[in-house]
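The residues making up each chain are set out below.
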Amino acid sequence: MSRIGKRPISVPQKVTVTLDGQTLVVKGPKGELSRTLPPEVEVLQEGDTLTVNRRNESRAARQRHGLCRTLVANMVEGVSQGFQRKLEIQGVGYRAQIQGRSLNLIVGYSHPVLIEPPDGVQFAVENNTNILVSGIDKEIVGNIAAQVRAVRPPEPYKGKGIRYAGEVVRRKAGKAGKK
């Protein structure tokens, strides 16, 4: 049995979960998320806990058991608390600004880079060098943070670029001088 899949999911008081066949709808104070689960798993609601079970012992059901439990748990956590990813900008003259809803990055190119957030995702900038990507869907927040980082990934010689908060960039030695 999957160690992750057999753990129950506790539902906070402000969150409502609706099951319609294989479609799961989770509503909370921060918003609403829905997802259609594969037919190999079933979600059971008992009071304020959810459990994800396999319908059979096929290989596909065993593969999707833990995945579906984690997806449902992330939906419940997202509508109640939300998710956020922090990014840091390092480099002389590199900075970020908010223009309306979009993020304006000035990171060493001849032009500023504008990133438009999808619905449900917000940007926040602190001190021109710290970016906060927040939203209720963990997958979308992570993908948008990865898109922001991909504009100028950290380079190994001087460490300049956009990195996740706490990310360690391995540094390389530069060219050796003449002897």
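Residues numbered from 1 in each chain as written. Predicted model: local features only at pLDDT ≥ 70, side-chain atom pairs only at ≥ 80, totals over all residues. Heavy atoms only, no water.

1. As for the side chain of Arg 163
- Turning to its location among the elements, Arg 163 is positioned in strand β13 (residues 161-164).
- For the buried residue Arg 163, which engages in no salt bridge, the nearest side chain bearing the opposite charge is Glu 88, 5.2 Å off.
- Within polar-contact distance, the side chain of Arg 163 engages the side chain of Gln 90 at 3.2 Å.
- Ignoring any residue separated from it by four or fewer positions in sequence, one finds Arg 163 in contact with Lys 86, Leu 87, Glu 88, Gln 90, Arg 149, Pro 154 and Val 169. (Helix = DSSP H or I, 4+ residues; strand = E, 2+ residues; numbered from the N terminus. Buried < 20%, exposed > 50% of the residue type's maximum accessible area, 1.4 Å probe, protein only. Lys, Arg positive; Asp, Glu negative; His and termini not counted. Salt bridge = Lys/Arg side-chain N within 4 Å of Asp/Glu carboxyl O. Polar contact = N/O pair within 3.5 Å; in protein donor to acceptor, adjacent residues only side chain to side chain. Contact = heavy atoms within 4.5 Å.)

2. Considerations on the pattern of salt bridges
- This model, assessed by the stated rule, comprises five salt bridges.
- With its nearest N and O atoms 3.8 Å apart, the salt bridge here joins Arg 64 to Glu 40. Of this pair, Arg 64 sits in helix α1 (residues 59-80) while Glu 40 is found in the loop between β4 (31-36) and β5 (41-46), placing the two residues 24 residues apart along the sequence.
- Between Glu 167 and Arg 149 there is a salt bridge, with the nearest N and O atoms lying 2.7 Å from each other. Pair noted here: Glu 167 is in the segment after β13 and Arg 149 is in helix α2 (residues 138-151), with a separation of 18 residues, a long-range link.
- You can call Arg 149 partly exposed: its relative accessible area is 21%.

3. Details of the sheet that holds β13
- The strand order β11-β12-β7-β13 describes an open sheet built from four strands, whose pairing is antiparallel. Edge positions in the open sheet fall to β11 (121-126) and β13, since each of these has one partner strand only. Adjacent strand axes in the sheet meet at a mean angle of 25 degrees, parallel and antiparallel pairs treated alike.
- As paired elements, β11 and strand β12 (residues 130-135) share six bridges and run antiparallel to each other. Looking at the pairing, Val 121 lines up with Gly 135 of β12.
- Sheet strands touched by α2: β7 (83-90), β11, β12 and β13. Its angle to β7, the strand with the most contacts, is close to 5 degrees. (Pairing = 2+ DSSP bridges. Axes fitted to C-alpha atoms, helices over the stretch in contact; angles between N-to-C directions.)

4. As for the environment of Asn 56
- Along the polypeptide, Asn 56 turns up in the loop between β6 (49-54) and α1.
- Accessibility expressed as a relative area gives 39% for Asn 56, which makes it partly exposed.

5. Points about unusual backbone geometry
- Of note in the backbone geometry, Asn 127 takes a positive phi value of approximately 55 degrees without being a glycine.
- With respect to the helices and strands, Asn 127 occurs in the loop between β11 and β12.
- We note that Asn 128 has phi near 65 degrees; this positive angle belongs to a residue other than glycine.
- By the secondary structure assignment, Asn 128 is in the loop between β11 and β12.
- Given a relative accessible area of 41%, Asn 128 falls into the partly exposed group.

6. Some remarks on the packing of aromatic side chains
- What the rule picks out here adds up to zero aromatic pairs.
- Against the face of Tyr 164 rests Arg 85, its NZ or CZ located 4.4 Å from the ring centre.
- The ring centre of Tyr 109 lies 4.2 Å from the NZ or CZ of Arg 152, which sits over that ring. (Phe/Tyr/Trp six-rings, centres within 6.5 Å; stacked < 30°, edge-to-face > 60°. Lys NZ or Arg CZ within 6 Å of the ring centre and 35° of its normal.)

7. Brief notes about α2
- Along its 14 residues, α2 runs 21 Å from first to last C-alpha, staying within 8% of the 20 Å computed at 1.5 Å per residue.
- Of the residues making up α2, those classed as buried are Val 141, Ile 144, Ala 145, Val 148 and Val 151. One side of α2 holds all its buried residues, which, seen down the axis, span an arc of 110 degrees.
- Elements that come into contact with the buried residues of α2 comprise β7, β9 (102-106), β10 (113-115), β11, β12 and β13. (Expected span 1.5 Å × (residues − 1). Arc of directions from axis to C-beta.)

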